[in-house]
Amino acid sequence: MLTKRQNLMEVIKGGTPDRFVNQYEFMELIMEAPMDLPLAPAPGTRVKNKWGITFDWPADQIGSFPMHDEEHKALKDITDWKNQVKAPSVFYTDEEWAAAEAHAKSVDRNDKFVTAFCAPGIFEMTHHLMSMEDALMALYEEPEAMKELIDYVVEYELAYAAEVIKHIHPDALFHHDDWGSQISSFISPQMFNEFIVPAYKQVYGFWKANGVELIIHHSDSYAANLVPFMIEMGIDIWQGVMTTNNVPELIKKYGEKITFMGDIDSGRVDFPGWTREKIYEDTKKACEECGKLYFIPCLSQGLNISSFPGVYEATSDVIDQLSKEMF
Amino acid sequence: MSKIEEVKAKVEAGKSKLVPGLVQEALDEGSAPAEVLQAMVESMGVVGDKFSAGEIFVPEMLIAAKAMSKGVEVLKPLMAGDGSTSLGTCVIGTVAGDLHDIGKNLVSMMIESAGFDMVDLGVDVPADTFVQAIKDNTNVKIVACSGLLTTTMPALKEAVATVKAAFPDIKVIVGGAPVTPEYAAEVGADGYAPDAGSAAVKARELATA
Ligand code: B12
C-alpha cells in the first residue's frame, strides 16, 4: 500500500494511486504555528486582530464576522492606506514557535506533508480591512492605491513565510483566499489577472523556492474561470471546488496541470439533520464522475472539520468505502 | 449621442464622477426628470442582465449602482413628492441567524435601481421585524429575504410564513446561495431569483402584476 504522500503524488501526477486520497489526510497541518487568524474565537466574543480588524461572533450565530461600521472599519479611505494600515510584526519568540516545531518534528514526512497554514488570503485581507463593497469599488476607482496596498500585504506574507519556513520547513502550504460566490468569481478574470495574479506569483513562488513542494489553495466557490491563472500562480491543488464548477470537465481540461479537491458541497451535506446516506450519495456521484486521477474527494469546507459534529468523519468513512468499491 | 443616451452609457460604465453633470445637461436640454430617471433604470436593467449572464462581475455592478445613485441625487429635489415614479416600497433583509450581506446589498441596489424605495433592515433580521417594517412604512409592495446559510433556511421559512400570515397580499421574494426555486415554492414565497439582476426583474414583475 502506498503511503498517504505517495498516493497523493500518484493522483496529481496521473500515475496509479491504489485508493482515493481521503480529504485532508495527506496534510499534517501545523496549526500551532503563531498566526493572526481572521476570526473571533468563540460565540459571544469580539476581538481586534493585529491589523486592527475587529471580528465579532454574536452569541446566537454560527461564526464570526469582520465589522465594517464607521467605528470599526480599519481602513476608511483607500487613498490614505499608508496612514491607516499597519502590518503587524511577523516575529514571534522561540517559545511561541516551540509547539509548532515539536509538531513538525514528530511527523513522518514519508507518510504526510508537513503543511503550513495561511489565512486570510490577499484578496480577503483587502475586504476585511475595508469591507467588500469598498474593496471591490476601489479596484476601479483607486487602482494604484489598491495595487500598493496589495503589495504591502504581499510583503507581509513573504516576511511571514520566511519565518514559517525557518521554523518548521514545511513540505506543503495550505493557503486560503475565497475568490467567488457559488456561481461566479467576485471579479472578472481580467481584473484578477491585473491585481491578484502578480501577488500570488510572488508569494507562491517564494514558498516553492524554499522547499515547499505542494501549494494547496482554498476557495470554496465557483472559480472555474480562474483556473488558468491558478496554474500560472503555481497552485498544485485547488481545494474547495464546488459542484457548480463542473469539476469533471475541469479535470478533463486542466487535470494534468492542477488537481481538484472538493466536489462535495458542504452546504448540501453539512447541516443539523445530516445523514450518512446523503453524504454517500453526493460523494459517490463525485467519485464516479471525476475519476481517480487529478481529483481528491473532499468537503468544500476550508479545514479538516465540519460545521456539524460527525459530518467530516462520516465523509471520510464514506470515501474509504468508495475506495474499496471502486479500486 | 443625445445627452440622455450619454447618461445611459455612463451609468452602465459606472462613471459616477461624470453622471451627475450629464444628468444636469440632459435636464438643461429639456428632458423631464422622470425621463432621465427612466433612462438610468433601463441602464441598470442592462447591467443586471449582463451580471446574470456572467458577462460582468460584482465590482462593475457596484460602480454602476453608485453612478446611478449620484445621478438620482441630482433628480431628487426635482421629483420630491412625485410618487408616480415609484413602483412602491421594498423591505429587504438577511434573515435571523445570518450575517452575510454582500448578496443582499447587491439585490437591494438593483431593486432600488428598478424604481423601488428601499427599506433595508440589515442582517440577522427576525421574522417579526419584517412585519413591523411593513407597518412602519407606506406602500410596501415587496418583502425580500436573503439567506446564505443552510442552517438559517428554517429562519427564511419562518420569515415568509410570518409576513404572509400578517399581510397575505404583500409579495415575498427569497434568494441566497442555498435557496432553490423548489425551496422558495415550498416555503410559500411568491418569487425566487438566482442573482441580483433577475431579483430586480422579479420584483418589478410582482409589483406591477
Ligand atoms: C464572503 C463570505 C463570507 C464573508 C461575508 C462578508 C459579508 N459582509 O457578507 C465572511 C468571511 C464574513 C463570512 C462569514 C461566515 N461564513 Co461565509 N461565505 C462567504 C462566501 C465565500 C461568499 C458569499 C458572498 O458574499 N457571495 C457573493 C454574493 C454576490 O453572492 P450571494 O450572496 O450568493 O448573493 C447572490 C444570490 O444568491 C442572490 N441573492 C442573495 N440574496 C438574495 C435575496 C433575494 C430576495 C433574491 C431574490 C436573491 C438573492 O443575488 C445575489 C447577487 O447576485 C460563501 C461561499 C459561497 N461560495 O457562496 C461563504 C458561505 C456562505 N459562508 C459560510 C459559513 C459557514 C460562514 C461562517 C459561519 C464561517 C465561520 N465558521 O465563521 C460565517 C457566518 C457567520 C454568520 N452567522 O452568518 C458557508 C455556509 C455553509 C452552510 N452550511 O450553509 C459558505 C457557503 C462557505 C462554505 N462552503 O462553507 N462568509
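Residues numbered from 1 in each chain as written. Chains lettered and ligands numbered in written order. Predicted model: local features only at pLDDT ≥ 70, side-chain atom pairs only at ≥ 80, totals over all residues. Heavy atoms only, no water.

So, about the overall build of chain A. The secondary structure content of chain A amounts to twelve helices and ten strands. Over its C-alpha trace chain A gives a radius of gyration of 20 Å, about what one expects of a compact globule, namely 20 Å for 327 residues. C-alpha atoms of chain A, sized along the principal axes, occupy 60 × 40 × 40 Å. Put simply, 70% of the contacts in chain A that link residues at least 6 apart link residues at least 24 apart. Just so you have it, chain A exposes about 13,400 Å², and 53% of that area is on carbon and sulfur atoms. The averaged location of the 52 negative side-chain charges in chain A is 5 Å from the averaged location of its 28 positive side-chain charges. (Helix = DSSP H or I, 4+ residues; strand = E, 2+ residues; numbered from the N terminus. Rg over C-alpha atoms; globule rule 2.2 N^0.38 Å. Contact = heavy atoms within 4.5 Å. Areas by Shrake-Rupley, 256 points an atom, 1.4 Å probe, with all protein chains shown as cover. Lys, Arg positive; Asp, Glu negative; His and termini not counted. Charge placed at Lys NZ, Arg CZ, Asp CG, Glu CD.)

Right, let's get into the pairing of strand E6 (residues 172-176) of chain A. Residues and elements named next belong to chain A. The buried count for E6 comes to five of five residues, which makes it a mostly enclosed element. Burial along E6 is two-sided: Ala172, Phe174 and His176 facing one way and Leu173 and His175 facing the other are all buried. Sheet topology places strand E5 (residues 113-118) next to E6; four bridges connect them, and they run parallel. Residue pairing for E6: Ala116 is matched across the bridge by Leu173. Bridge analysis of E6 against strand E7 (residues 214-218) gives five bridges, and the strand direction is parallel. Note on E7: the bridge partner recorded for Ala172 is Leu214. Tracing the backbone out of E6, into helix H7 (residues 189-209) and back to the parallel element E7 gives a crossover that is right-handed. (Buried < 20%, exposed > 50% of the residue type's maximum accessible area, 1.4 Å probe, protein only. Pairing = 2+ DSSP bridges. Right-handed = clockwise from strand over helix to strand, strands pointing away.)

Where the parts come together, the accessible area they lose is often given as the size of the interface. Residue and element names in this part refer to chain B. Per the domain assignment, the segments making up chain B are domain 1 (3-80) and domain 2 (86-207). Centre-to-centre separation of domain 1 and domain 2, based on C-alpha positions: 25 Å. Contacts between the two partners involve ten residues from domain 1, matched on the other side by ten residues from domain 2. Across the domain 1/domain 2 interface, buried area totals approximately 880 Å², and carbon plus sulfur atoms make up 76% of it. Contact with domain 2 buries area across many residues of domain 1, yet Val41, Ser52 and Met61 alone supply 38% of it, more than any other trio. The interface formed by domain 1 and domain 2 holds zero salt bridges in total. For the pair domain 1 and domain 2, the interface holds one residue pair in polar contact (both at pLDDT 80 or more). Mapped by element, the contributors of at least two residues to the side of domain 1 that touches domain 2 are helix H3 (33-52) and helix H4 (58-79). (Domains from an automatic or database assignment. Buried area = accessible area lost by both parts, 1.4 Å probe. Salt bridge = Lys/Arg side-chain N within 4 Å of Asp/Glu carboxyl O. Polar contact = N/O pair within 3.5 Å; in protein donor to acceptor, adjacent residues only side chain to side chain.)

Near the ligand there are 43 residues, and of these Gln61 and Asp220 of chain A together with His100, Ser146 and Thr150 of chain B occur at the shortest range. The site occupied by the ligand is bordered by residues of chains A and B. Taking Asp220 of chain A, its side chain carries an N or O atom lying 2.6 Å from a nitrogen atom of the ligand. Looking at the shell around the ligand, the elements with two or more residues in it are strand E4 (65-66) of chain A together with helix H5 (102-113), strand E3 (140-146), strand E4 (171-175) and helix H9 (196-208) of chain B. Looking at the shell around the ligand element by element, the count peaks at four residues for H5 of chain B. Taken together, the residues of the shell around the ligand sort by class into 21 nonpolar, 16 polar and six charged. (Near = heavy atom within 4 Å. Nonpolar A, V, L, I, M, F, W, Y, C, P; charged D, E, K, R; others polar.)

Now for helix H4 (residues 122-130) of chain A. All names here are of chain A. In terms of burial, H4 is largely enclosed, as nine of its nine residues are buried. Where H4 is buried, its residues touch strand E3 (54-57), E4, helix H5 (132-141), helix H6 (143-168), E6 and H7. Trailing H4 by a residue or two, Ser131 shows a phi angle of about 85°, which is positive.

When only protein atoms are considered, the cobalt atom of the ligand has one donor, His100 of chain B (NE2), at a distance of 2.3 Å. Among the structural elements, His100 of chain B can be located in the loop between strand E1 (89-94) and H5. (Donors = N, O, S within 2.8 Å, 3.2 Å for Na, K, Ca; no water.)

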